Amino acid sequence: MPLFTTGKEVMERLPHGSDLLEAITTLARLEKIRAGSVSAIGAVQRARIGFYDQKARQYREWDIEEPMEICSCLGNVSLKEGEIFVHAHVTLADSDGRVVGGHLCPGTIVFAAECRITELAGEAPSRSFDETTGLSLW
Ligand code: ZN
């Protein structure tokens, strides 16, 4: 197992109206963070989240067309095809506090979000196709 030490930490407000996944990825790329952990809280104007259907070996994605709180957005930074790549999941709450969650997809639009990325110094994990799951894994 590779060992990591904690590198730099960045905390940023993500732009209003930006795509949440894209904004986190942009931040990681700007800071040249190739391995790390991601957390964010805030609110979104709308969301698109996914569930990996293990039998069909594909993501089912759906849209939520209402403002939601980001109770938790957790993810990681690693490399995919040599590029800095963010994988994140979200737990979102509606105006009644009901919670849904899943794989964070493009199409989740930031109302306000505070993001923290902790860099892990060491050789960055690289993703490649995994036959067993059909996923791109370390
Ligand atoms: Zn996922």
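Residues numbered from 1 in each chain as written. Predicted model: local features only at pLDDT ≥ 70, side-chain atom pairs only at ≥ 80, totals over all residues. Heavy atoms only, no water.

K.L.:
Would you explain the environment of R98 in this entry?
P.N.:
For R98, the position within the fold is in the loop between β5 (83-93) and β6 (99-104). Linking R98 and A43, residues 55 residues apart in sequence, is a C-alpha distance of 14 Å. The residues touching R98, leaving out its near neighbours within four places in the chain, are L92 and A93. Here the side chain of R98 touches D96 through a polar contact of 3.3 Å, side chain to side chain. (Helix = DSSP H or I, 4+ residues; strand = E, 2+ residues; numbered from the N terminus. Contact = heavy atoms within 4.5 Å. Polar contact = N/O pair within 3.5 Å; in protein donor to acceptor, adjacent residues only side chain to side chain.)

K.L.:
Where do I start with the pattern of salt bridges in this structure?
P.N.:
When the charged atoms of two side chains with opposite charge come close together, those side chains can pair. Using the criterion set out here, one finds 9 salt bridges in the structure. Salt bridges here are not isolated pairs; linked through shared partners, they connect R46, R48, E61, D63 and E65. (Salt bridge = Lys/Arg side-chain N within 4 Å of Asp/Glu carboxyl O.)

K.L.:
I'm lost on the side chain of D19 in this one. Help?
P.N.:
Relative to the helices and strands, D19 resides in the loop between β1 (5-14) and α1 (20-30). No salt bridge forms around the buried D19; measuring N to O, its nearest opposite-charge neighbour R46 is 7.2 Å away. In this structure the side chain of D19 is engaged in a polar contact, spanning 3.2 Å, whose partner is the backbone nitrogen of L21. Only 2.6 Å separates the side chain of D19 from the backbone nitrogen of G107, close enough to count as a polar contact. Residue contacts for D19: discarding those within four places in its chain leaves P106, G107, T108, I109 and V110. (Buried < 20%, exposed > 50% of the residue type's maximum accessible area, 1.4 Å probe, protein only. Lys, Arg positive; Asp, Glu negative; His and termini not counted.)

K.L.:
Whenever I open this one, α1 confuses me. Can you help?
P.N.:
It helps to recall that an α-helix has 3.6 residues per turn; residues three or four apart then point in one direction. Among the residues making up α1, those that are buried are L20, L21, A23, I24, T25, L27 and A28. Elements that come into contact with the buried residues of α1 comprise β1, β2 (36-53), β4 (68-80), β5, β6 and β7 (109-121). Between a side-chain oxygen at the N-terminus of α1 and the backbone nitrogen of L21 the separation is 3.2 Å; the capping residue is D19. Count one or two residues on from α1 and you reach K32, which has phi positive near 55°.

K.L.:
Help me understand the nonpolar core in this model?
P.N.:
A general tendency of soluble globular proteins is for nonpolar side chains to be buried together. Among the nonpolar cores identified, the biggest contains 32 residues, and L20, I24, C73, L92 and I117 are the most heavily contacted of them. Of all the secondary-structure elements, those providing two or more residues to this core are β1, α1, β2, β4, β5 and β7. The element contributing the most residues to this core is α1, with 6 residues. Ignoring sequence-local partners within four residues, the contact set of L20 consists of L14, V44, I70, C73, V90, L104, T108, V110 and A113. (Core = buried A, V, L, I, M, F, W, Y, C linked by side-chain atoms within 4.5 Å.)

K.L.:
Explain the layout of surface pockets here, please?
P.N.:
Left-over empty space is what a probe sized like a water molecule reveals as it rolls over the atoms. Approximately 390 Å³ is the volume found for the largest pocket. In terms of lining, the largest pocket is formed by 22 residues, of which the most central are Y59, K80, F85, H87 and H103. (1 Å grid on protein atoms, 1.4 Å probe; cavity = no way out; pocket = protein on both sides within 12 Å on 5 of 7 lines; lining within 4 Å. Points joined across faces, edges and corners; volume = space filled by probe spheres on them.)

K.L.:
Would you mind showing me how to read the environment of T26 here?
P.N.:
Turning to its location among the elements, T26 is positioned in helix α1. By relative accessible area, T26 is classed as partly exposed at 40%. Remark: the alpha-carbon pair of T26 and I84, spanning 58 residues in sequence, is separated by 9.2 Å.

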